[in-house]
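One-letter residues, chain by chain:
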Amino acid sequence: MAEMSAMNRKLIQNLAETLSKQVKHFNKTEAECLIRLFNGLLGDQSDRRVGNGLDRGKFRNILHNTFGMTDDMIMDRVFRAFDKDNDSYVSVKEWIEGLSIFLRGTLDEKIKYCFDVYDLNGDGYISREEMFHMLKNSLIRQPTEEDPDEGIKDLVEITLKKMDHDHDSRLSYADFEKAVRDENLLLEAFGTCLPDAKNMESVLSFCP
Amino acid sequence: MGVALTRAAQWTTASSGTGKLEITPVNESLLKEILQFVEQFSSRHPQEARLVFKEPLQWTTSLEASDFKTEYDISGPAVKSQETDRDGHPMLQLTPPSISVHSFSQLSKIVQLATDKKLKEVRACLEANRDPIAKMLGPSFATVEGEDSSVLRLLEEVKEGDQAKETEIKVKLIILLQQLDTQLLSNSLKQISQWVPFLPPPHSVYYEFTNGCRTPPWRQVHGEICYLVIKPCDTQPLHITCSTAGVFLNGGIWQEGEENAYDRTSDVYRDLVTLLKSKSPHFAENINKQVGFHVKQVAGFLRVIFALPITPRSTDDKKSKKNAVSEKFAEAQEKMQKKADVSVSSLPGRQSKTPGGVGGADDFSESSSESEEDEEQPERRTESNTDLPSEYWQIQKLVKYLKGGNQTATVIALCSMRDFNLAQETCQLAIRDVGGLEVLINLLDTEEIKCKIGSLKILKEISRNSQIRRAIADLGGLQTMVKILDSPDKDLKYLAAETIANVAKFRRARRTVRQHGGIKRLVKLLDCVPDSAALTEEQEKDVEVARCGALALWSCSKSTRNKEAIRKAGGIPLLARLLKSPHENMLIPVVGTLQECASERSYRIAIQTEGMIEDLVKNLNCDNHELQMHCASAIFKCAEDKRTRDLVRQCEGLQPLVTLLSQADNKQLLAATTGAIWKCSISMENVAKFQDYKALETLVGLLTDQPEEVLVNVVGALGEGAQKPANRATIRKCGGIQPLVNLLTGTNQALLVNVTKAVGACATELENMTIIDRLDGVRLLWSLLKNPNPDVQASAAWAICPCIENAKDSGEMVRSFVGGLELIVNLLKSTNKEVLASVCAAIAKIAKDEENLAVITDHGVVPMLAKLTNTTDDKLRRHLAEAIARCCMWGSNRVLFGEAGAVAPLVRYLKSKDTSVHQATAQALFQLSKDPNNCITMHDNGVVKLLLGMMGSTDEVLQEAAAGCVANIRRLALANEKARYG
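Note that the coordinates shown come from a computational prediction; the quantities given were computed from them, not determined experimentally. (Residues numbered from 1 in each chain as written. Chains lettered and ligands numbered in written order. Predicted model: local features only at pLDDT ≥ 70, side-chain atom pairs only at ≥ 80, totals over all residues. Heavy atoms only, no water.)

*Asks:* Help me understand the overall build of chain B, please; the structure alone is not making it clear to me.
*Replies:* Tallying secondary structure elements over chain B gives 55 helices and 9 strands in all. Of all 982 residues assigned to chain B, the portion counted as buried reaches 54%. In chain B, the share of contacts with a sequence separation of at least 24, taken over all contacts with a separation of at least 6, comes to 69%. Only carbon and sulfur atoms are counted for the fraction: they give 50% of the accessible area of chain B, which is about 42700 Å². (Helix = DSSP H or I, 4+ residues; strand = E, 2+ residues; numbered from the N terminus. Buried < 20%, exposed > 50% of the residue type's maximum accessible area, 1.4 Å probe, protein only. Contact = heavy atoms within 4.5 Å. Areas by Shrake-Rupley, 256 points an atom, 1.4 Å probe, with all protein chains shown as cover.)

*Asks:* Just to check I follow, could you spell out the overall build of chain A for this structure?
*Replies:* Counting its regular elements, chain A contains 11 helices and 4 strands. In chain A, which comprises 208 residues, the share counted as buried stands at 44%. Summed over its atoms, the accessible surface of chain A is roughly 10900 Å², and 51% of this surface lies on carbon and sulfur atoms.

*Asks:* Please explain unusual backbone geometry as it appears in this structure.
*Replies:* Peptide bonds are, in most cases, trans, and in most cases residues other than glycine have a negative phi. Even without being a glycine, His-167 of chain A presents a positive backbone phi close to 55°. Positionally, His-167 of chain A belongs in the loop between α9 (150-163) and β4 (170-172). Judged by relative accessible area, His-167 of chain A falls into the exposed class, the value being 68%. Backbone geometry places Asp-809 of chain B, a non-glycine residue, at a positive phi of 50°. Its place among the elements puts Asp-809 of chain B in the loop between α43 (790-806) and α44 (810-816).

*Asks:* Hey, could you run me through helix α30 (residues 612-620) of chain B in this one?
*Replies:* The periodicity of an α-helix, 3.6 residues per turn, causes residues three or four places apart in sequence to face the same way. Residue and element names in this part refer to chain B. With 7 of 9 residues buried, α30 lies mostly within the body of the structure. All of the buried residues along α30 are Met-612, Ile-613, Asp-615, Leu-616, Val-617, Asn-619 and Leu-620. Along its buried surface, α30 packs onto α27 (571-578), α28 (584-597), α29 (601-609), α31 (625-638), α32 (642-650) and α33 (654-660).

*Asks:* Is there a simple way to explain the interface of chain A and chain B in this structure?
*Replies:* Think of interface size as the accessible area that goes away when the parts come together; that is how it is often given. Counting from both sides, the interface comprises 22 residues of chain A and, opposite them, 23 residues of chain B. Counting each side, the surface lost to burial between chain A and chain B is near 1900 Å², with a carbon and sulfur contribution of 58%. Run the count over chain A and chain B and you get 5 salt bridges. With its nearest N and O atoms 3.0 Å apart, the salt bridge here joins Lys-397 of chain B to Asp-154 of chain A. Joining chain A to chain B, the criterion identifies 8 residue pairs in polar contact (both at pLDDT 80 or more). Broken down by element, the side of chain A that touches chain B gets its largest block of residues, 6 residues, from α9 of chain A. Its residues placed into classes, the side of chain A that touches chain B shows 9 nonpolar, 6 polar and 7 charged. (Buried area = accessible area lost by both parts, 1.4 Å probe. Salt bridge = Lys/Arg side-chain N within 4 Å of Asp/Glu carboxyl O. Polar contact = N/O pair within 3.5 Å; in protein donor to acceptor, adjacent residues only side chain to side chain. Nonpolar A, V, L, I, M, F, W, Y, C, P; charged D, E, K, R; others polar.)

*Asks:* Is there a simple way to explain the sheet that holds strand β1 (residues 57-60) of chain B in this structure?
*Replies:* Strand pairing within a sheet occurs via backbone hydrogen bonds; the two strands may be parallel or antiparallel. Residue and element names in this part refer to chain B. Taking strand neighbours across the sheet as the criterion, the 5 strands line up as β1-β5-β4-β3-β2 in an open arrangement whose pairing is antiparallel. If you trace the sheet from one side to the other, it starts and ends with β1 and β2 (72-75), each paired once. Strand-to-strand twist of the sheet, defined as the mean angle between neighbouring strand axes without regard to direction, takes the value 10°. Pairing analysis gives 2 bridges linking strand β3 (residues 78-81) to strand β4 (residues 92-95), with the strands arranged antiparallel. Among the inter-strand pairings, Val-79 is bridged to a residue of β4, identified as Leu-94. (Pairing = 2+ DSSP bridges. Axes fitted to C-alpha atoms, helices over the stretch in contact; angles between N-to-C directions.)

*Asks:* Whenever I open this one, the UniProt feature "repeat: ARM" (unreviewed entry) in chain B confuses me. Can you help?
*Replies:* Within the UniProt annotation, "repeat: ARM" (unreviewed entry) is assigned to residues 476-518, 570-612, 819-861 and 901-934 of chain B. Between the C-alpha atoms that bound residues 901-934 of chain B there is a distance of 9 Å. The span itself is 71% helix and 0% strand. (UniProt positions renumbered as here; feature names shortened; annotations may be inferred.)

*Asks:* What's the story with the packing of helix α7 (residues 107-118) of chain A against helix α10 (residues 173-182) of chain A in this structure? I'm lost.
*Replies:* Describing two packed helices takes the angle between their axes plus the distance from one axis to the other. Residues and elements named next belong to chain A. Contact pair α7 / α10: the axes reach a minimum separation of 10 Å and the direction vectors enclose 130°. By the angle between their axes, α7 is oblique relative to α10. Crossing handedness for the pair α7 and α10: right-handed. The residues of α10 that touch α7, namely those facing Leu-107, Asp-108, Ile-111, Lys-112, Cys-114, Phe-115 and Tyr-118, are Tyr-173, Phe-176, Glu-177, Val-180 and Arg-181. Residue composition of the contact of α7 with α10, by class: 8 nonpolar, no polar and 4 charged. (Parallel < 35°, antiparallel > 145°, perpendicular 65-115°, else oblique. Left-handed = near helix turned anticlockwise from the far one by under 90°.)

*Asks:* Hey, could you run me through the UniProt feature "domain: EF-hand" (unreviewed entry) in chain A in this one?
*Replies:* All names here are of chain A. Following the UniProt record, the feature "domain: EF-hand" (unreviewed entry) maps to residues 70-105 and 106-141 here. Here residues 70-105 runs as 67% helix and 6% strand, with 21 Å between its end C-alpha atoms. As a span, residues 106-141 carries 56% helix and 8% strand, and end to end its C-alpha atoms are 36 Å apart.

*Asks:* Can you walk me through the pairing of β2 of chain B in this structure?
*Replies:* The two faces of a sheet get side chains in turn, since along a regular strand they alternate between them. Here 4 bridges tie β2 of chain B to β3 of chain B, and the two strands are oriented antiparallel to one another. Paired with Tyr-72 of chain B across the bridge in β3 of chain B is Ser-81 of chain B.

*Asks:* Sorry if this is basic, but what is going on with the pairing of β1 of chain B here?
*Replies:* All names here are of chain B. Burial along β1 is one-sided: the residues Leu-57 and Trp-59 are buried and none of Gln-58 and Thr-60 is. In this sheet, strand β5 (residues 98-101) lies alongside β1 in antiparallel orientation, the contact comprising 4 bridges. Of the residues in β5, the one forming a bridge with Thr-60 is Ser-98.

*Asks:* Would you take a moment to explain the side chain of Thr-159 of chain A for this structure?
*Replies:* Inspection of the secondary structure puts Thr-159 of chain A in helix α9. Not counting residues up to four positions away in its chain, the partners in contact with Thr-159 of chain A are Met-131, Leu-135, Asp-164 and Phe-190 of chain A together with Ile-412 of chain B.

*Asks:* I tried to follow the pattern of salt bridges on my own but got confused; where do I start?
*Replies:* One side chain can pair with another of opposite charge once the charged atoms of both are near each other. Evaluated as defined, the whole model comprises 51 salt bridges over all chains. Notably, a salt bridge pairs Asp-419 of chain B with Lys-162 of chain A, separated by 2.8 Å at the nearest N-O pair. Taken together, the residues Asp-419 of chain B in the loop between α16 (407-417) and α17 (425-433) and Lys-162 of chain A in helix α9 connect one chain to another. Between Arg-728 of chain B and Glu-765 of chain B there is a salt bridge, and its shortest N-O distance comes to 3.7 Å. With Arg-728 of chain B in helix α38 (residues 725-733) and Glu-765 of chain B in the loop between α40 (749-762) and α41 (766-774), the pair connects residues that are 37 residues apart, well separated along the chain. For Arg-728 of chain B, a relative accessible area of 13% corresponds to the buried category. Three or more residues joined by partner-sharing salt bridges are found here, namely Arg-56, Arg-60, Asp-72 and Asp-76 of chain A.

*Asks:* What should I look at first to understand the packing of aromatic side chains in this one?
*Replies:* Two aromatic rings are characterised by how far apart their centres lie and by the angle between their planes. The tally for this structure, following the rule as stated, stands at 18 aromatic pairs over all chains. Ring centres of Phe-115 of chain A and Phe-176 of chain A lie 5.7 Å apart, and the angle between their planes is 55°; on these two criteria the pair is classed as tilted. With a gap of 61 residues between them, Phe-115 of chain A in helix α7 and Phe-176 of chain A in helix α10 connect regions that are remote in the sequence. Residue class for Phe-176 of chain A comes out buried when judged on its relative accessible area of 0%. Ring geometry for Phe-68 of chain B and Tyr-72 of chain B: centres 5.0 Å apart, planes at 65°, overall edge-to-face. The exposure class assigned to Tyr-72 of chain B is buried, which follows from its relative accessible area of 8%. Among the aromatic residues, ring-to-ring pairing joins Phe-59, Phe-67, Phe-79, Phe-82, Phe-102 and Tyr-113 of chain A into one connected group. Its end group placed over the ring of Tyr-125 of chain A, Arg-170 of chain A keeps NZ or CZ at 3.5 Å from the ring centre. A cation sits over an aromatic face here: Arg-470 of chain B above Phe-506 of chain B, 4.2 Å from the ring centre. (Phe/Tyr/Trp six-rings, centres within 6.5 Å; stacked < 30°, edge-to-face > 60°. Lys NZ or Arg CZ within 6 Å of the ring centre and 35° of its normal.)

*Asks:* Looking at this structure, how should I read the nonpolar core?
*Replies:* Most often, soluble globular proteins have nonpolar side chains that are buried together. In this structure, Val-78, Trp-95, Phe-102 and Phe-190 of chain A are the most contacted members of the largest nonpolar core, which totals 285 residues. Setting aside its immediate chain neighbours within four residues, Val-78 of chain A contacts Phe-59, Leu-63, Met-69, Phe-102, Tyr-113, Val-117 and Cys-193 of chain A. Grouped together as the second largest cluster of nonpolar side chains are 41 residues, Trp-59, Val-79, Phe-104 and Ile-174 of chain B included. (Core = buried A, V, L, I, M, F, W, Y, C linked by side-chain atoms within 4.5 Å.)

*Asks:* Mind showing me how you'd approach the packing of helix α19 (residues 449-462) of chain B against helix α22 (residues 490-503) of chain B here?
*Replies:* Residue and element names in this part refer to chain B. Two numbers describe how α19 lies on α22: the axes approach to 9 Å, and their chain directions differ by 25°. Between α19 and α22, the crossing angle belongs to the class labelled roughly parallel. The element α19 and its partner α22 pack so that their crossing is left-handed. Contacts from Ile-449, Lys-452, Ile-453, Leu-456, Lys-457, Leu-459 and Lys-460 in α19 reach Asp-491, Leu-492, Leu-495, Ala-496, Glu-498, Thr-499 and Asn-502 in α22. By residue class, the composition of the contact of α19 with α22 is 7 nonpolar, 2 polar and 5 charged.

The structure is reproduced here in structure tokens:
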């Protein structure tokens, strides 16, 4: 048993060594700690054999419990953003890579990440419809209004007016990037998809 | 149009059924709108126009058969349209005087035919058809207050019937009519606000319903639009309900819950003015004087205190937040009311009954080194709501999203709001007027950092407006922002500090910041280590935090107690450290704060001892005028102290000051620079330096065409400079005497003090005196003795001394001033020591002329001087003794002085520590000792011993006078012995 865990520790250390070189923003100790966190979240051995990482449900739980996210659709999109190889599991490498943006990302990295999250169909543009979809729960509906969606539609128009610099009624990456650079508050314009300072601290507190 | 007709239109009777539309501006504009709608309907919407009404609109018309042309069958007086419905019934039928119409196309035609009678026709039609929509589309579409389900009904119809085409047209018609309705309502609202321009104060807007009403829904069904409390200056406050039926007094609505408070307690008046006319005689009297009445013009006679808040009765789970707002807002309103009370009480004809002054005595417990910004400026409400700009509605919409959105929607709305020109007053006031301030301030209380940042970014901009500042303070925004200063987020910190800097421009706000621990927190923000080398992003933010902290402290430092609080919080060393910053935008608030605080001695000492003078001098050489100005101003205030003056010289600060004199176009800078030069000139070493830099030549050039604040300093500097003989000549050669004498006619007292001093200094030079004399300068100086300000009186009297000394035929000149001698003698009644000393000095000069001495003796100078002798003030003693010595030279004045008891006190002067007192006193005693009785008094008071000591003085004048006096006493004693013993 002791041998096992010693071996395990060795493995983790090697993995941390490798990953800390591949991924920006984390040193070896931090990477090691995040690997342990990953393993802890993964649960016991038997589960691990099933796949090769965190499945959608588990990952969403983490987003909800640790990072305080609430929007189902956005959480799905965050999962997709983490799961780079699209195999429906977040591998340990994808985990470290994702967290490097979550916890230490530069503005550039975050802009790219948020755009990917918001570009629901992955066509390189955030369309009117996608915006509507993401914003549809952002206003308290007034039952008295004729068209309960009117506010949302208006919000979409406001956003386009603010961010659609080339006036093609959709946001390209360039549009999004420019708008966020001008006003950082627009980084998460279509829903919370990054942890806030408090949640970040709570994650980093796992690390010694 | 149904809602507009029932709600906005003004009917003669409140009951439904037939009634008349009153002839009011609101109705007129309603009618015009409807007319336009009908006129253009058939060309714009030809399909909908042909829809056959469920029931015809019928009314009594003034049209006659002759008015109808083609497309109509005319038989005698009766007319039928050629256009018919599917069953062949004509769409229009006229049987004078009754007309019945089945479609919009016919309505359009009628108004076109009716030419100049068209408005009349529309009026008649509407009066006869109170709910036209019900007739057009069927009774199920009748306008019912408070609900609108017409579209739903149509949907039902779609389900039921298969006449899809017709229903589609109906839907379109309904939509068109509803659009008209909305348009009418919003226009009539504008009309209403026109005749009650003060109707929408910001607070009630929070509960403005989409229909424009400001009353609770269950009162809206009674047609009530809003409630007002008006305080006329001559009667009790009037609690007024504005409703569609007119305006009337209510039972006093203060808060919800009292149902009968809404009851009508007066007649119904057609409008506010009529009501006020009948309730307030003062109003009626004044309003009748107005031709072409505008409410704006009577705003001076009454103030609407506020429109009452209302809380919707229905509760839902979103209410808790709103309730918190409404509490805060009730508080703010209370304050508002207090304020309004005050403004009302200051109106003529009303007894002042302000409860406890404005917010209690604490308001005035605080002095400020700067004149208060706009403390008592009356609230300026949006004067006219006639042309609300489009921004207003857009901002209103955004505020709605702020209220009803989650974090994402809120951030979008906040960012969008920032795209408005927030520097523009229209936008600033629009945000306030639609209740945006409450929401923005509420957001600061949430946990959402992004919302807080977005909100502060807006507050920071709009708080440049003084009305917004007040509103933010009223809503408790300062307290929240002070709390935010503790946040770990640097963006939040600097934004909050910068906003505080803007808001704390008036006294109450500055006090609030202090009382909530803001000063300590702001001082803490200063604690960053600015590194002149390249900064990381984080360090740059630290610097920004410190900069904004300094900005806020600068605003706050205008209150004396805050200066103290900054010092106690350890702000001075931190400011001293930031003073080493290489960045101008940091230095400006830091030096600004320092120069503001330099009004306090503790700061002046600190600035001197903590080596800040060197940095201030260094920054005099920068190329930013504002920074230069603050540095010069700090030096101005600190250079009262000799050590500081020396430091400025040692740090080579005098030359940059002289160089700055060339920036004569920037008056603020010029005032600060000349002020610093003035105060530095108090040290003669500095005067010598200024001489080298040819400062006086430049200063003389600044004696004309400058604002008074500059002149005071320029003349002050010349006055100090002229203490040196060489400079007196310089001033003359540069042509400075004439402008100086000209300034003697001014009224600014600080300036007069300095001008008299400068003229006096110049007058010590004979050549200068000739010029002053020629310009009649002495007469001008003399007339300044009449100035009510003792400083001016004293300074003028001092200046008169060298003039009398140096003027040709000065005795004759003085006599030529009618009443002049009496005037100066009477100043001996002053209670001001400096005035007394200067007047005594002047009297000593005047008394040199025998004739004048006789005159002043007649004016009773002797007893008046004698009365002053008990003083302990050495300066006064010296000049008093001089005056007594001189005045002894006439008639029996010596005896009179003795009789008035002046001798014994004078003997005591010899014990003074001031040697200049000794000389003058000895001379006076010598003169007085020529009267035997005085000798006895002196001897009895032990004068001999004191004088014997002074006979050994190195001061020859003193020696001689002392000896003379002793000789006189001795001579008397000898004579006495001789008489006694033969």
